[in-house]
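Structural overview for review
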Amino acid sequence: MGSTYSQQLLEYCLRQEPWPPDVLDRAMAEDDGRALLSIVVERLGDLFEPVLCRTYQQLFRQVIARACPDLIPRLRVNHNPHPAPPSANRVYVLSRITLGADVAVTSVLLDAAKRRYPDAEIFFVGPRKSYEMFEADPRIRHFPAPYARSGALIDRLQASASLHFDDGLVIDPDSRLTQLGLISICAEPSYFFFESRSYGGDGDEPLPALASRWAHEIFGIDRARAFIAPLPPSEPPADITVSLGVGENSSKRIDGDFEPALLHALAETGLSILVDKGGTAEEHDRVEHALLPGMRTHHGAFAPFAAQIARSKLYVGYDSAGQHVASVCGVPLISIFKGFVSERMLARWKPTGTVIRGDSADVLGQVRAALTCTFRR
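Presented here is an overview of the structure given in this document. (Residues numbered from 1 in each chain as written. Predicted model: local features only at pLDDT ≥ 70, side-chain atom pairs only at ≥ 80, totals over all residues. Heavy atoms only, no water.)

**Looking at the pattern of salt bridges**
The final tally for this structure, using the stated rule, is 28 salt bridges. Note that Arg197 and Asp174 form a salt bridge whose closest N and O atoms lie 2.8 Å from each other. Within this pair, whereas Arg197 is found in the loop between β5 (191-193) and α8 (207-219), its partner Asp174 is found in the loop between β4 (169-172) and β5, the two being separated by 23 residues in sequence. Arg197 sits in the buried class, given a relative accessible area of 7%. (Salt bridge = Lys/Arg side-chain N within 4 Å of Asp/Glu carboxyl O. Helix = DSSP H or I, 4+ residues; strand = E, 2+ residues; numbered from the N terminus. Buried < 20%, exposed > 50% of the residue type's maximum accessible area, 1.4 Å probe, protein only.)

**Notes on the packing of aromatic side chains**
This structure, assessed with the given rule, holds 16 aromatic pairs. A centroid spacing of 5.3 Å and a plane angle of 25° characterise the contact between Tyr56 and Phe60, whose relative ring orientation is stacked. With a gap of four residues between them, Tyr56 and Phe60 both fall in helix α4 (residues 50-67), about one helical turn apart. Comparing Tyr56 with Phe60, the two get one shared label, buried. Note that Arg15 overlies the ring of Tyr12, its terminal NZ or CZ placed 5.0 Å from the centroid. (Phe/Tyr/Trp six-rings, centres within 6.5 Å; stacked < 30°, edge-to-face > 60°. Lys NZ or Arg CZ within 6 Å of the ring centre and 35° of its normal.)

**Describing the sheet that holds strand β11 (residues 354-357)**
The six strands are arranged β8-β7-β6-β9-β10-β11 in an open sheet whose pairing can be described as parallel. Each edge of the open sheet is held by one strand with a lone partner, namely β8 (296-298) and β11. Neighbour-to-neighbour, the strand axes of this sheet turn through a mean angle of 20°, independent of strand direction. As paired strands, strand β6 (residues 240-243) and strand β7 (residues 273-276) are joined by four bridges and run parallel to one another. Bridging across to β7, Ile240 finds its partner in Ile273. In the packing of helix α9 (residues 258-267) onto the sheet, the strands contacted are β6, β7, β9 (314-318) and β10 (333-337), and the crossing angle to β9 comes to about 175°. (Pairing = 2+ DSSP bridges. Axes fitted to C-alpha atoms, helices over the stretch in contact; angles between N-to-C directions. Contact = heavy atoms within 4.5 Å.)

**A short note on helix α14 (residues 363-374)**
For α14, built from twelve residues, the straight-helix expectation of 16 Å at 1.5 Å per residue is met to within 8% by its first-to-last C-alpha distance of 16 Å. Buried residues along α14 sit against α9, β9, β10 and β11. (Expected span 1.5 Å × (residues − 1).)

**Description of the sheet that holds strand β2 (residues 121-126)**
Across the sheet, five strands lie side by side as β3-β2-β1-β4-β5; this open sheet has parallel pairing. A single partner strand is all that each edge strand has here, and the edge strands are β3 (140-144) and β5. Taking each pair of neighbouring strands and ignoring which way they run, the sheet shows an average axis angle of 25°. Its contacts with the sheet place α8 against β4 and β5, and it is angled at close to 145° to β5.

As C-alpha cells, this is what we get:
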C-alpha cells in the first residue's frame, strides 16, 4: 500500500523541505483532516524538537488559511515571554484535553496560578471529564470548553474560534484549544504560553519538572507541583489498581496474551485488584477477556478511578493517564511504556516509578521482578 498524503506531508516536514500545496490540500481532505492531525501534527509534537515547533507553526498557519480563513486575523505573532502582573481578578488555565497531560502539565500551572494569585478566581477551561480531576479543590471553577478530540479538523478549529477572554489572564500549557498557541484568545499582554514541545531544549527533564521551571520564570512561584483533587470515591479501596487503556493509541499496548498473563501475575500477589474497564468498547472487551475471578472493575468516569489510584498500594498500566495520577500521588507504579516515537518523548512523559520499556525483552518477567521489589517484606 502506498503512503497517504498525510504521511508524505510528514516526510516533507521532517526533512525541513517545502511541501507542495497539493500535498497539503490532499492531506487536509483525508478523513476530514483527522489524518493530518494524527499523523503529522501529533508526530511533530511528540518528537520534542524545537525546530519542528517552527515547522508546525508554518504548516498550521497554512491549514487555518485554507480550512477556516475567518481565523486568520486571530493568528498570533510570536512575542518574547513577559513577566506576570502582580495581581489579577481572574485566571483562566486551559486544558490540554487529554487526561494524562492535564495531570502531568496543566495541574502544575493550576498550582502556580493559585499560589501566585491567592485572591483570584481560578478557572479550568476544558471538558467536564478533565475538570472532574480537580473538582474537589474549592479554588478551581469550571469554564466549559468542549473539544472533539476525535472530531474533524473544522470542528476542532471552530472550538478554538469560540473561545475569547477579555477579563483576566490566560495560561496556556500548549493546549489544543489554541491549536498549540497559534490562535489568539485574549489580548497578548494577558496571555502566557508554555510551549512544552520546545521548552527544555535538548535535555531529558520530564514535563512536570519543565512546567514547574517555567512557572518559576514567569510567575515567580517556586516548586509548583502536579496534583489531582477528584471527589472522594464511594467504593472501597483496592491494593492494586490497573488500567489497560491506551487512549485510542494501539501502538502503546502489547498484543497477544500479555494482558491476561499480566493480570494473572498480579493475582498471584494475593492482593485485592481493581481494573478500569476503559473508555472505549475495544478497551472494555480487552479487559473482560483478561479478567480473573475475584477482580473488581471500574466502569465510567475516570476521576473516581483516579481517586482509587491515589489510595492504592500499587498502580500498573500502560503509558496513559493512570500512570501520571499515581506519579503525582506518590503511589508506587509499574508503567509499561511502548509506542514512543523518540527517546525524548519517553523522557518527557515517563512517570516517577518503575518504567518498563514495552519494546524490551521479557516485559512480563520484568513486571514480576518489580512486583517482588514492591511487596518485599
